[in-house]
Amino acid sequence: MADVLFYVFAAMAVGGAAGVVLQRNPVGSLLFMVGTLAAVAGIFVLLEAHFLAAIQVMVYAGAIMVLFLFVIMLLNLGHDYQADMKRGFGAFLAFAATGLLAGLLARQVGGAGESPIYQYFPGPEGMDRILAEQGVIGAVAQPLFTEYVVAFELVGILLLVALVGAVALARGRG
Amino acid sequence: MLAESLVLGAILFVLGTFGVLVRRNAIIVFLCIELQLNAVNLTFVALSRHLGIEGQLFVFFVMTVAAAEAAVGLAIIISLFRHFRSVSVENFNLLKW
């Protein structure tokens, strides 16, 4: 069952990603992206990362995509149907670079799961035990607020700086 | 499910890279960068299933940075649109040789 669901979500994610790249209308691209994000959230659930799946749907598919949509509407790009793919040498270069990247990634993924390093880590059974003991949120929150609390605070400062920077940039001189 | 998830992450990342390289609309380029970040998040979560909870924490931080980046990047796109009356990346060639 989980395997079938995984392949359904994977097909949705890849189809959505292809739609993002190939769709001419920016709003269409954005809607494909929302589909991809929802499918990836489904895969997060299958991988037992329930908290991140919820965050993905709320923050990514909710807030960030709506921000993109606001900007498209603000700049009035919604009925922009002309093809904007690069052509000629640039497209060839993009194909070559992407093919190279795909080859490199395929080589890396080939040996995944067999490396001897895995015996030092909890593995799926160990992770299931941790999740059962501490709960789905607790397992994430416990290290977040103890071991990684400095990074957590710094991320808060980063968000504040981004907020001030975005207002200063978008407001213009007037 | 580890190997399949890693393959899916790789496919999404490659599609995102292709979009970044081939599209001209700056907003779509930005969207494709978000797609790449999401592919990396998927890889982190898949590995965190085997290697411990830290992978999920890192995804949390990546999402926060992505939100900050989206806010600042879209503000930059708005201010570029004010200047050029378009969001095509062909216009932004001041640093091009």
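See the structure printed just above.
Below you will find a few notes about this structure. Each chain has its residues counted from 1, following the order in which its sequence is written. To label them, take the chains in the order written and letter them from A, then take the ligands in the order written and number them from 1. Reporting in this predicted model follows two pLDDT cut-offs: at least 70 for local features of residues, and 80 or more for side-chain atom pairs to be given and counted; totals over whole chains, interfaces and linings ignore these cut-offs and use all residues.

1. Examining the overall build of chain A
Item 1. Each helix and strand counted, chain A has seven helices and zero strands in total.
Item 2. Only runs of H or I of at least four residues qualify as helices and only runs of E of at least two qualify as strands under DSSP, and these elements are numbered from the N terminus. Moving toward the C terminus, one meets the helices and strands of chain A in the order α-α-α-α-α-α-α.
Item 3. Considering chain A as a whole, with its 174 residues, one finds that 23% of them fall into the buried category.
Item 4. A residue pair is marked as a contact if its C-beta atoms, positioned from the backbone, fall within 7 Å. Restricting the contact set of chain A to residue pairs at least 6 apart, pairs at least 24 apart contribute 49%. Exposure classes come from backbone-placed C-beta atoms, where a residue is buried if 20 or more other C-beta atoms lie within 10 Å of its own, exposed if 12 or fewer do, and partly exposed in between.

2. Focus: helix α1 (residues 2-22) of chain B
Item 1. A helix is expected to span 1.5 Å for every residue after the first. Here α1(B) contains 21 residues, and its C-alpha end-to-end distance of 30 Å stays within 8% of the 30 Å for a straight helix at 1.5 Å per residue.
Item 2. Within α1(B), 17 of the 21 residues are buried, which leaves the element mostly enclosed by the surrounding structure.

3. Description of the interface of chain B and chain A
Item 1. The partner chain A presents 70 residues to the 61 residues of chain B that form the contact.
Item 2. Mapped onto the side of chain B that touches chain A, the elements with two or more residues apiece are α1, α2 (26-51) and α3 (54-84) of chain B.

4. Some thoughts on unusual backbone geometry
Item 1. The phi dihedral of A:Glu48 falls on the positive side, at around 65°, and the residue is not glycine.
Item 2. Examined against the element boundaries, A:Glu48 turns out to sit in the loop between α2 (26-46) and α3 (50-74).
Item 3. We classify A:Glu48 as partly exposed; it has 18 C-beta atoms within 10 Å.
Item 4. If you check the backbone angles, B:Arg85 has positive phi at about 60° while not being a glycine.
Item 5. With respect to the element layout, B:Arg85 can be found in the segment after α3.

5. Quick word on helix α5 (residues 123-134) of chain A
Item 1. Counted at 1.5 Å a residue, the expected span for α5(A) with its twelve residues is 16 Å, and the 17 Å between its end C-alpha atoms agrees.
Item 2. After α5(A) finishes, the residue A:Gly135 shows a positive phi value of roughly 85°.

6. Section: the environment of B:Thr64
Item 1. As for its placement among the helices and strands, B:Thr64 is situated in helix α3.
Item 2. Overall, B:Thr64 belongs to the buried group, with 20 C-beta atoms counted inside 10 Å.
Item 3. Other than its neighbours up to four places away in sequence, B:Thr64 contacts A:Val155 and A:Leu159.

7. Section: the packing of α3(A) against α3(B)
Item 1. At a minimum axis separation of 11 Å, α3(A) and α3(B) run at an interaxial angle of 5°. With respect to each other, α3(A) and α3(B) are oriented roughly parallel. Between α3(A), through A:Leu52, A:Ile55, A:Val59, A:Tyr60, A:Ile64, A:Leu67, A:Phe68, A:Val71 and A:Leu74, and α3(B), the contact on the second element is made entirely by B:Gln56, B:Val59, B:Met63, B:Ala66, B:Ala67, B:Ala70, B:Ala71, B:Leu74, B:Ile77 and B:Ile78. To get an axis, fit a line to the C-alpha atoms, keeping to the stretch in contact for a helix; angles then go from 0 to 180 degrees between the N-to-C directions. Working definition: roughly parallel below 35 degrees, roughly antiparallel above 145 degrees, roughly perpendicular at 65 to 115 degrees, and oblique for all remaining angles.

8. Details of the packing of α2(A) against α2(B)
Item 1. Running from amino to carboxyl end, α2(A) crosses α2(B) at an angle of 5°, the nearest separation of the two axes being 11 Å. Relative to α2(B), the element α2(A) is oriented roughly parallel. When α2(A) is examined against α2(B), the residues A:Pro26, A:Ser29, A:Leu30, A:Met33, A:Thr36, A:Leu37, A:Val40, A:Ile43 and A:Phe44 are found in contact with a partner set consisting of B:Ile27, B:Ile28, B:Leu31, B:Leu35, B:Asn38, B:Leu42 and B:Val45.
Item 2. Residues were grouped as follows: Ala, Val, Leu, Ile, Met, Phe, Trp, Tyr, Cys and Pro as nonpolar; Asp, Glu, Lys and Arg as charged; and all remaining residues, including Gly, as polar. In terms of residue class, the contact of α2(A) with α2(B) is made up of 13 nonpolar, three polar and no charged.

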